[in-house]
Amino acid sequence: MSNEEIESENNATVEEKAEVMPVEPTPEVVVEPQEKGIFDELYATLFGKSWAMWLGCIILSVLSIGLYMIISPWGSSGGILSWGQNMFDIVGIGLTNSAPNGVTSLLDNRYGMLSITMLIGAMGASLMAKEFAVRVPPKGEMAKGLLGGILMGIGAIIGMGCTIGQFYSGWPALSGGALVFVLCLFIGVFIAVKYLLWEMENHPGLSSGKSCTFLAAKTKGSSLQPLAGVIVLAIGAALMFLYDGATEQVLIGFVLIGLMIGFVLQRSRFCIVRTLRETFLTGDSEPTQGLIAGILVGMFGFTLIKILGIGDPFSMVAFNFWVPAIVGGVIFGLGMTIAGGCTVGSTWRAGEGHVKLWLALVGLVISLPLTAEYIKPAFLDMLPASMQEQMFLPDTFGYGGSICLMLLILTLWYVFVKWNEKTGRLTAL
Amino acid sequence: MEFDETLDCKGLSCPMPIIKLAKAMKKMPSGKVLQMIGTDPGSKEDVPKWCSKTGNQLLGTADEDGANIFYIRKA
């Protein structure tokens, strides 16, 4: 592609050079009609720009509290594990260790359905925002997606959760194992960021080369994407009719809330990889602030649910303190950074059309059930019971003490990212 | 808009576009303009943010059928 060719298409301003052009976002789209209808305004609010991370996080926490009030909070890797177990089951490969009583059918697995509707919700949102497109990256990137997915699968099974169960839900659930898991996630992220920067210097070919994009919305004129988005969301919501309204309310609740979660994930570009990774790349503190806001809201709701006896107080508090959390955290951190999305980040980006993240999901679908079947039992057998405990912080510190401890940790984290953003002490870019 | 070099980030998802952009900008002499083409919707926010943080100047942006084009002058 020659520079002249593209230049000739974009030669709106030729006489500048010394004069600096102001930044004008998307100058070509300003062909709106004179009067802006009320629905155009609503559309612009919801889909014109991505939502702030803090807004997304607060809504996600409220939805997660909703799931907890139904039965148990938001989780992600368990759902993809269910996809994988069902797939192995259909192919005829029996997984007798990890599912001794047979595999629960995907339709009856609430987290499996939650992951499906999250993907559908994200796809609907990206279509409505005209951001959907099938994006095929260069081959090296696809390999990294697959490898990252496989590593995440191993990490999530050994660590007994992913960045949702052991972080976004695990921290508000006051789990000690979740604190260890996230500390070790940072180690994995740090190593993987170093790798990405090394790869960029020494093997730039991996992330360049042939790529293509299909089905993107045209910039000029109208697009069918918003209509397609409405249809996709309606199909997602219609999944609730698979269930009996009198006896299967839990599944109906998970289907509908999953759809909303997927929608919010895409609109706010919720990304835990980014939150942790930017510490070492650009130093941007905004994702961390958003995540902290979400965790605070979650902690308030979860604690209320526990104290009032609405839900199981040990939900999302796994038997992973401390060795499984350490090993799983590091491996998961490596995997999610190489893939460019954690389990839930891969799910919503897959809905938006990123083929790299489709491959991350493929990696997860394969490695989650296989790790649960072959690696986890042997690994846990090796460890004494004292190294795989269920650490519920209130058992040691009481609810008040645990919440004070969490507030202290969140405050320190906030001060740390702000300091790092200002000084650039740990940033590479 | 005139530019001196172009950087193809089509098909790439976060964080590869920003890592590539940082590397390409490092190599360019001060005052030159880079045209970056990407397809990740995340870049629409990431690139302006990165520019203002690093002091490089985002001269303008354009959309073209699913691709986002950025013009950045090296500080």
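Keep in mind that this is a model prediction, so the values were computed, not measured. (Residues numbered from 1 in each chain as written. Chains lettered and ligands numbered in written order. Predicted model: local features only at pLDDT ≥ 70, side-chain atom pairs only at ≥ 80, totals over all residues.)

(A) Inspection of the overall build of chain A at higher detail. Counting its secondary structure elements, chain A contains 16 helices and four strands. Against the 2.2 N^0.38 benchmark of 22 Å for 429 residues, chain A shows a C-alpha radius of gyration of 23 Å, consistent with a compact globule. Principal-axis analysis of the C-alpha atoms gives chain A an extent of 75 × 55 × 45 Å. Across the 429 residues that make up chain A, the buried fraction comes to 50%. Partitioning the contacts of chain A with sequence separation of at least 6, the portion at a separation of at least 24 is 86%. (Helix = DSSP H or I, 4+ residues; strand = E, 2+ residues; numbered from the N terminus. Rg over C-alpha atoms; globule rule 2.2 N^0.38 Å. Buried ≥ 20, exposed ≤ 12 C-beta atoms within 10 Å, placed from the backbone. Contact = placed C-beta atoms within 7 Å.)

(B) Geometry of the interface of chain A and chain B. Each partner contributes residues to the interface: chain A has 43 residues there, and chain B has 32 residues. If one sorts the elements of the side of chain A that touches chain B by residue count, helix 8 (residues 176-202) of chain A sits on top with three residues.

(C) Quick look at the sheet that holds strand 1 (residues 5-9) of chain B. Residue and element names in this part refer to chain B. Read across the open sheet, the four strands follow the order 1-2-4-3; overall the sheet is mixed. Since the sheet does not close on itself, it has two edges, and those belong to strand 1 and strand 3 (57-64), each with one partner. With direction set aside, neighbouring strand axes in the sheet form an average angle of 20 degrees. Of the strand pairs in this sheet, strand 1 and strand 2 (residues 33-38) are connected by five bridges, and their pairing is parallel. Bridged to Cys-9 within strand 2 is Gly-38. Against the sheet, helix 1 (residues 16-27) contacts strand 1 and strand 2, and its axis sits at roughly 160 degrees relative to strand 1. (Pairing = 2+ DSSP bridges. Axes fitted to C-alpha atoms, helices over the stretch in contact; angles between N-to-C directions.)

(D) Region of interest: helix 3 (residues 53-70) of chain A. Residues and elements named next belong to chain A. With 18 residues, helix 3 extends 26 Å from end C-alpha to end C-alpha; this agrees with the ideal 26 Å at 1.5 Å per step. Restricting attention to buried positions, one finds in helix 3 the residues Met-53, Gly-56, Cys-57, Ile-59, Leu-60, Ser-61, Ser-64, Ile-65, Leu-67 and Tyr-68. Residues of helix 3 that are buried in the fold lie against helix 10 (249-268) and helix 12 (286-307). (Expected span 1.5 Å × (residues − 1).)

(E) Structural context of the environment of Ile-331 of chain A. Residue and element names in this part refer to chain A. Summarising the element assignment, Ile-331 is placed in helix 13 (residues 323-339). Distance from Ile-331 to Val-189, taken between C-alpha atoms, is 9.2 Å for residues 142 residues apart in sequence. Excluding its chain neighbours within four sequence positions, the residues that come into contact with Ile-331 are Leu-151, Ile-154, Gly-155, Ile-158 and Gly-188.

(F) Region of interest: the confidence of the model for chain B. When pLDDT is averaged along chain B, the result is 92, and 100% of the positions lie at 70 or above. Complex prediction metrics read pTM 0.90 and ipTM 0.92. (pLDDT = per-residue confidence, 0-100.)

(G) Main features of the packing of helix 6 (residues 139-159) of chain A against helix 13 of chain A. All names here are of chain A. The interhelical angle for the contact between helix 6 and helix 13, taken along N-to-C directions, is 160 degrees, at an axis separation of 7 Å. As far as their axial angle goes, helix 13 and helix 6 are roughly antiparallel. Classified by chirality, the crossing of helix 13 by helix 6 is left-handed. Between helix 6, through Lys-144, Gly-145, Leu-147, Gly-148, Gly-149, Leu-151, Met-152, Ile-154, Gly-155, Ala-156, Ile-158 and Gly-159, and helix 13, the contact on the second element is made entirely by Pro-324, Ala-325, Val-327, Gly-328, Gly-329, Ile-331, Phe-332, Leu-334, Gly-335, Met-336, Ile-338 and Ala-339. A class-by-class count of the residues in the contact of helix 6 with helix 13 yields 15 nonpolar, eight polar and one charged. (Parallel < 35°, antiparallel > 145°, perpendicular 65-115°, else oblique. Left-handed = near helix turned anticlockwise from the far one by under 90°. Nonpolar A, V, L, I, M, F, W, Y, C, P; charged D, E, K, R; others polar.)

(H) Expanded view of the pairing of strand 4 (residues 67-73) of chain B. All names here are of chain B. Of all seven residues in strand 4, five are buried; the element is thus mostly enclosed. As paired elements, strand 3 and strand 4 share seven bridges and run antiparallel to each other. Within the sheet, the bridge partner assigned to Ala-62 lies in strand 4 and is Ile-69.

(I) Examining the confidence of the model for chain A more closely. Of the residues in chain A, 92% have a pLDDT of 70 or more, and the chain-wide mean is 91. Helix 3 of chain A holds the highest mean pLDDT among the elements of chain A, 98, whereas helix 1 (residues 3-9) of chain A holds the lowest, 42.

(J) Geometry of the packing of helix 1 of chain B against helix 2 (residues 43-54) of chain B. Residues and elements named next belong to chain B. At a minimum axis separation of 10 Å, helix 1 and helix 2 run at an interaxial angle of 30 degrees. Considering only the axes of helix 1 and helix 2, their crossing is right-handed. Together, Pro-17, Ile-18 and Leu-21 of helix 1 and Ser-43, Asp-46, Val-47 and Trp-50 of helix 2 make up the contact between the two elements. In the contact of helix 1 with helix 2, the residues fall into five nonpolar, one polar and one charged.

(K) View of helix 2 of chain B. Residue and element names in this part refer to chain B. In this model helix 2 runs 16 Å from its N-terminal to its C-terminal C-alpha over 12 residues, within 8% of the 16 Å that 1.5 Å per residue would give. Within the sequence span of helix 2, burial applies to Ser-43, Asp-46, Val-47, Trp-50 and Cys-51. Buried residues of helix 2 fall within an arc of 125 degrees about the axis and therefore sit on the same side. Of the surrounding secondary structure, the elements contacted by the buried residues of helix 2 are helix 1, strand 2, strand 3 and strand 4. Following helix 2 by one or two positions, Gly-55 adopts a phi angle in the positive range, close to 85 degrees. (Arc of directions from axis to C-beta.)

(L) Main features of unusual backbone geometry. Each neighbour pair has its own omega, and for Phe-321 of chain A with Trp-322 of chain A the value is 10 degrees, a cis peptide bond. With respect to the helices, strands and loops of the structure, Trp-322 of chain A is situated in strand 3 (residues 321-322). A cis geometry characterises the amide bond from Cys-14 of chain B onward to Pro-15 of chain B, with omega recorded as 5 degrees. For Pro-15 of chain B, the location among the structural elements is in the loop between strand 1 and helix 1. Unlike most non-glycine residues, Leu-215 of chain A shows phi in positive territory, near 65 degrees. Of note, Leu-215 of chain A is situated in the loop between strand 2 (212-214) and helix 9 (225-238). Among the residues examined, Leu-215 of chain A registers 14 C-beta atoms within 10 Å and is labelled partly exposed. The phi angle at Met-316 of chain A is positive, at roughly 70 degrees, despite the residue not being glycine. Along the chain, Met-316 of chain A turns up in the loop between helix 12 and strand 3. Judged by C-beta crowding, with 28 C-beta atoms within 10 Å, Met-316 of chain A ranks as buried.

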